[in-house]
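# An overview of the molecular structure
Residue-level listing of the chains:
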Amino acid sequence: MMRLKIENAWLVTMEGEDSPYKGDLFIEHDRIIKRGDCSADEADEVIDGTGFAVLPGLINTHQHSPMSLLRAYSDDLKLMDWLDQKILPAEANMTEEDIRAGARLAMAEMIKSGTTTFADMYIHMSAIAETVEEVGMRASLTRGLVFHEPDGGVRMAEALDLIDQWHGKAEGRITTMFGPHAPYTCPPDALSQVIRLAEERDIPIHIHLAETVEEVSTIRQKYGQTPTEYLHALGLFDQCHVLLAHGVHLSESDIQLLKGMKGGVSYNPVSNLKLGCGIAPVYKLQQEGVIVGLGTDGAGSATTLDMFEEMKAATWMQKLQYGDPTILPAKEVLKMATIHGAKLLRLDHEIGTLSPGKKADLILINLNKPHLTPLHQLESLLAYGVSGADVDTTIVNGKILMRNRKLLTIDEKVLLRDVQIRAERIVQSV
């Protein structure tokens, strides 16, 4: 049983109104045991945290990890053109091993930029689950369900198999959700079936919502409702814990329908801005008590999986949207990337704060750099000044996955060579 002490670091607990303070953190096996003065004699290893900030691992609440293979491949296009003309044809060329490699590439980037937990929606999810287990990250995995055309129940069978085979596995690091893709790809009967299964099994639902104005128009023409009204009428928010990805185009009445929901919204500002989709009404959602976390979306659209970049984009765009620099302050956006993300994934009892008894998922930020000096208000520096490249050490479930910027569970050089070859083959015939 590994006992690890991090001493003399700035502890950013994300607990209540606690301000960062200098102290020690003691980890035993996979959990945080205590904060404060700890004897070095108790530890198997001691990390000198002088000049470092320790904060909970970042939580990426919406991802398509294998799309890392399509990074910077199809930029500067409208969403549906990007999807139909480039992404879908390229994805059709992906093998299961490509998906495994793409997921590993995403995990390497996330570990190196401070993300310890991510929510993923894709196909061949068992391959991704195996990679999560091997690499050591924490993940909420979802088999994306599109019901455009009959498939003989194959997609649903795969979704159920993922839940049966992987929920709670990999030392508890893997959880699962049902993944109906979006209102415009899920007709009422199919979506009602998913809702019923989610309620029966007490499994959350992860679904895209109102990412574009085109989606809103499509649902309005087809059902005479907004996408949110459509989901509400089918009973999605009655009992299910729901993770809504994007939520860009929500009316005032839509927001009222989400008030009191179990779960909340994953805000993906970089992808939304890059695709010209718009700016989600995060401030209004928060005013109504809706929990909002942060996600990157896939690297095929966002390019970067750096959650520190998402934090900057999130707060700055809300300030601009509402013309008020006091909106979404530094501490709040840090909560979105940590404890609020944990709540969206229904994991806040285990992760999201540096609390004794919680899982030891945390990161060390090196503050000994010109762009992070001087130190006045640490939370502002973390939210507005830090980038993923400032992450020195990443720990998940008490296991060190990166130390001094070196990945310990992934052979980075081999991985980069492999994915370059795979990516070139995938897009060659598109």
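What counts, and at which threshold
- Residues numbered from 1 in each chain as written.
- Predicted model: local features only at pLDDT ≥ 70, side-chain atom pairs only at ≥ 80, totals over all residues.
- Heavy atoms only, no water.
- Helix = DSSP H or I, 4+ residues; strand = E, 2+ residues; numbered from the N terminus.
- Rg over C-alpha atoms; globule rule 2.2 N^0.38 Å.
- Buried < 20%, exposed > 50% of the residue type's maximum accessible area, 1.4 Å probe, protein only.
- Contact = heavy atoms within 4.5 Å.
- Lys, Arg positive; Asp, Glu negative; His and termini not counted.
- Charge placed at Lys NZ, Arg CZ, Asp CG, Glu CD.
- Core = buried A, V, L, I, M, F, W, Y, C linked by side-chain atoms within 4.5 Å.
- Disulfide = S-S within 2.5 Å.
- Expected span 1.5 Å × (residues − 1).
- Arc of directions from axis to C-beta.
- Salt bridge = Lys/Arg side-chain N within 4 Å of Asp/Glu carboxyl O.
- 1 Å grid on protein atoms, 1.4 Å probe; cavity = no way out; pocket = protein on both sides within 12 Å on 5 of 7 lines; lining within 4 Å.
- Points joined across faces, edges and corners; volume = space filled by probe spheres on them.
- Nonpolar A, V, L, I, M, F, W, Y, C, P; charged D, E, K, R; others polar.

With that settled, consider the overall build of the chain. Secondary structure assignment for the chain yields 17 helices and 17 strands. Taking 2.2 N^0.38 as the reference for a compact globule, 430 residues should give roughly 22 Å; the C-alpha atoms of the chain span a radius of gyration of 21 Å, in line with that estimate. Principal-axis analysis of the C-alpha atoms places the extent of the chain at approximately 65 × 45 × 40 Å. Counting over 430 residues, the chain shows a buried share of 59%. In the chain, the proportion of contacts linking residues at least 24 apart, taken out of those at least 6 apart, comes to 73%. Each charge sign in the chain was given a centre, from 42 positive and 60 negative side chains, and these centres are 2 Å apart.

Glancing now at the nonpolar core. One finds Leu 244, Tyr 267 and Ile 365 to be the most contacted residues of the largest nonpolar core, which totals 111 residues. Top contributing element to this core by residue count: helix 2 (residues 96–112), with 9 residues. When residues no more than four places from it in sequence are discounted, the contact partners of Ile 365 are Gly 51, Phe 52, Ala 53, Leu 55, Phe 308, Leu 382, Val 386, Asp 390 and Val 391.

We now examine the state of the cysteines. For the coordinates displayed, the defined rule picks out 0 disulfides. With no disulfide partner, Cys 186 has as its closest neighbouring cysteine sulfur the one in Cys 240, 13 Å distant. Residue classification places Cys 186 among the buried residues on the basis of a relative accessible area of 1%. Here Cys 240 falls in the buried class, since its relative accessible area comes to 3%.

Turning next to helix 17 (residues 412–428). Taking 1.5 Å of rise per residue, 17 residues should cover 24 Å, and helix 17 covers 24 Å from first to last C-alpha, within 8% of that figure. Of the positions making up helix 17, those classed as buried are Leu 415, Val 419, Arg 422, Ala 423 and Ile 426. For helix 17, the angular spread of buried residues about the axis comes to 105°, placing them on one side. The exposed residues of helix 17 that point more than 90 degrees off its buried face are Lys 413, Arg 417, Ile 421 and Gln 428. The inward-facing, buried residues of helix 17 contact helix 1 (79–92) and helix 2.

To continue, consider the pattern of salt bridges. Here the idea is simple: oppositely charged side chains can pair when their charged atoms come close. Counted according to the given criterion, the structure contains 31 salt bridges. Residues Glu 288 and Lys 259 are paired through a salt bridge, measuring 3.2 Å at the closest nitrogen-oxygen approach. Here Glu 288 is found in the loop between helix 11 (282–287) and strand 13 (291–294), whereas its partner Lys 259 is found in the loop between helix 9 (252–258) and strand 12 (262–267), with 29 residues between them in sequence. A salt bridge links Glu 379 to Lys 331, with the nearest nitrogen and oxygen atoms 3.8 Å apart. One end of the pair, Glu 379, is in helix 16 (residues 378–384); the other, Lys 331, is in helix 14 (residues 330–337), and 48 residues separate them in sequence. As far as burial versus exposure is concerned, Glu 379 and Lys 331 are alike and both buried. Several salt bridges share partner residues, and in doing so they unite Glu 96, Glu 97, Arg 100 and Glu 130 into one network.

Turning our eyes to something else, we now look at empty space enclosed by the protein. In this structure the tally under the stated criterion is 1 cavity of 30 Å³ or more. Considering only enclosed or pocket space, the largest cavity measures out at about 40 Å³ in volume. Forming the boundary of the largest cavity are Ser 74, Asp 75, Asp 76, Leu 77, Trp 82, Lys 274, Leu 275, Gly 300 and Ser 301. A breakdown of the residues in the lining of the largest cavity according to their chemical character gives 3 nonpolar, 3 polar and 3 charged.

The next point concerns helix 5 (residues 188–201). Its 14 residues give helix 5 an end-to-end C-alpha distance of 20 Å, which sits within 8% of 20 Å, the value for a rise of 1.5 Å per residue. Within helix 5 the residues assigned to the buried category are Ala 190, Leu 191, Val 194, Ile 195, Leu 197 and Ala 198. For helix 5, the angular spread of buried residues about the axis comes to 165°, placing them on one side. Opposite the buried face of helix 5, by more than 90 degrees, sit the exposed residues Asp 189 and Glu 200. If you follow the buried residues of helix 5, they end up packed against strand 8 (138–145), helix 4 (154–166), strand 9 (174–180), strand 10 (205–209), helix 7 (227–233) and helix 8 (236–239). Positive backbone phi, approximately 55°, marks Asp 202, located one or two places after helix 5.

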